[in-house]
Amino acid sequence: MQAKQHKGAMPSFSSYVTGGAMRLQLGPHSDGARRDAETLLLHLLGKNRAWMLAHMDDELGYECAEEYIAMLELRFAGEPMQYIFGEAEFYRLPFRVTPDVLIPRPETEHVVEKVLELAGKFSSPRIVDVGTGSGAIAVALAHELPDAIVTATDLSAAAVGVARENAERNGVAERIRFLEGDLLEPVAGEQFDIVVSNPPYVAEADRESLAIEVRDYEPGRALFAGADGLDIYRRLIPQAFGALARGGYLVLEIGYGQELPVSALLGEGDFESIEFTPDLKGIPRVACAQRM
């Protein structure tokens, strides 16, 4: 699909959406081609679908057409919409996302909800979010818990930068301490009431089964965790036990089929009161355990 500068009238919104959908039908997201073509144009124009339906015969204009076609080509190649837009929503808050960080998933909101439930047990909970990425969990918790003391760590300096930006964007930058480093090493010697993490948990053997927009665009080190997907849990669980005050909790997001091995690792790590919370599909998604 190409935009050419013509004398006279430019093609309408309708023409570009139709052409865009035809292009995307040839790509890896053919099932959502029409929807994606519309969404890209709506984002570019800053309008909603109701407005577009009333203006489908309007001319797009040459500069907008060029930008629209560039966005279409990114999507045609498989790039996630959130990276094309540079933003995503999580826990009703806006987040900037780049290829340096994972795109926040709705499933991870169950992690936030579990921490919010546990935070009520402490007057001013000390919380550390390990592998913060975009800062989604840390920012959402700071936003919901004004009395919490929140720390966020990540091995990636670029991810820490994105997380800081999201904290500023959502008005909680002064209430989150961001530290660069591996897992809990940046807070060695400190104690917390809650350690929370959405760590890498995809097995290397599952790499080829992932959707192209995940496999080829999201940061691999935030996705993959060894042959069985459990490498980070093996390291983080004992570190978390040492970092938790007595009575504190470890909250982890887990992948499909990981309930039993993660439960075993938590038991081996001397955690008690081990429980799992399912996501909306009934899949165990959040592991929670207590240090007594």
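Residues numbered from 1 in each chain as written. Predicted model: local features only at pLDDT ≥ 70, side-chain atom pairs only at ≥ 80, totals over all residues. Heavy atoms only, no water.

### Observations regarding the pairing of strand β8 (residues 272–278)
The line we're drawing: Pairing between strands requires that DSSP locate at least two bridges from one strand to the other. A run of H or I in DSSP counts as a helix once it spans at least four residues, and a run of E counts as a strand once it spans at least two, with each numbered from the N terminus.
Summarising the sheet, β8 and strand β9 (residues 284–290) pair through five bridges and their orientation is antiparallel. Opposite Glu272, over in β9, you have Gln290 as the bridge partner. Counted between consecutive antiparallel strands, the loop separating β8 from β9 contains five residues, among which Gly282 sits at a positive phi close to 85 degrees.

### Brief notes about the nonpolar core
How we decide: Joining through side-chain atoms within 4.5 Å is the link that ties buried Ala, Val, Leu, Ile, Met, Phe, Trp, Tyr and Cys residues into a set, and such a set is a nonpolar core. Burial classes follow relative accessibility: with a 1.4 Å probe on protein chains only, a residue under 20% of its type's maximum area counts as buried, one over 50% as exposed, and anything between as partly exposed. Here a residue-residue contact requires only that any non-hydrogen atoms of the pair lie within 4.5 Å.
One finds Ile127, Leu141, Ile176, Ile194, Val196 and Val251 to be the most contacted residues of the largest nonpolar core, which totals 34 residues. At seven residues, helix α7 (residues 136–144) tops the list of elements feeding residues into this core. Once residues within four sequence positions are removed from consideration, Val251 is found in contact with Val111, Lys114, Val115, Leu118, Ile194, Val195, Val196, Ser197, Val286, Ala287 and Cys288. If you look at the next biggest cluster of nonpolar residues, it comprises 27 residues, including Leu183, Val195, Tyr233 and Ala240.

### Thoughts on the packing of aromatic side chains
What counts, and what does not: Planes of paired rings set the category: under 30 degrees apart is stacked, over 60 is edge-to-face and the rest tilted, where pairs are Phe, Tyr or Trp rings (Trp by its six-membered ring) whose centres lie within 6.5 Å. Counting as a charge over the ring demands two things of the Lys NZ or Arg CZ atom: a distance within 6 Å of the ring centre and an angle within 35 degrees of the ring normal.
One pass over the structure, following the stated rule, counts six aromatic pairs. Ring centres 6.4 Å apart and planes at 45 degrees place the aromatic pair Phe90 and Tyr91 in the tilted group. Of the two residues examined, Phe90 and Tyr91, each falls in the buried class. Summarising the aromatic geometry, the rings of Phe122 and Tyr249 are spaced 6.4 Å apart at their centres and angled 75 degrees between planes, so their arrangement reads as edge-to-face. Separated by 127 residues along the polypeptide, Phe122 in the loop between α6 (109–119) and β3 (126–130) and Tyr249 in strand β7 (residues 244–253) bring together distant segments of the chain. For Tyr249, a relative accessible area of 10% puts it in the buried group. The ring of Phe76 is capped by Arg23, whose NZ or CZ atom sits 3.6 Å from the centre of that ring. Sitting above the plane of the Phe241 ring, Arg291 keeps its charged end 4.3 Å from the centroid.

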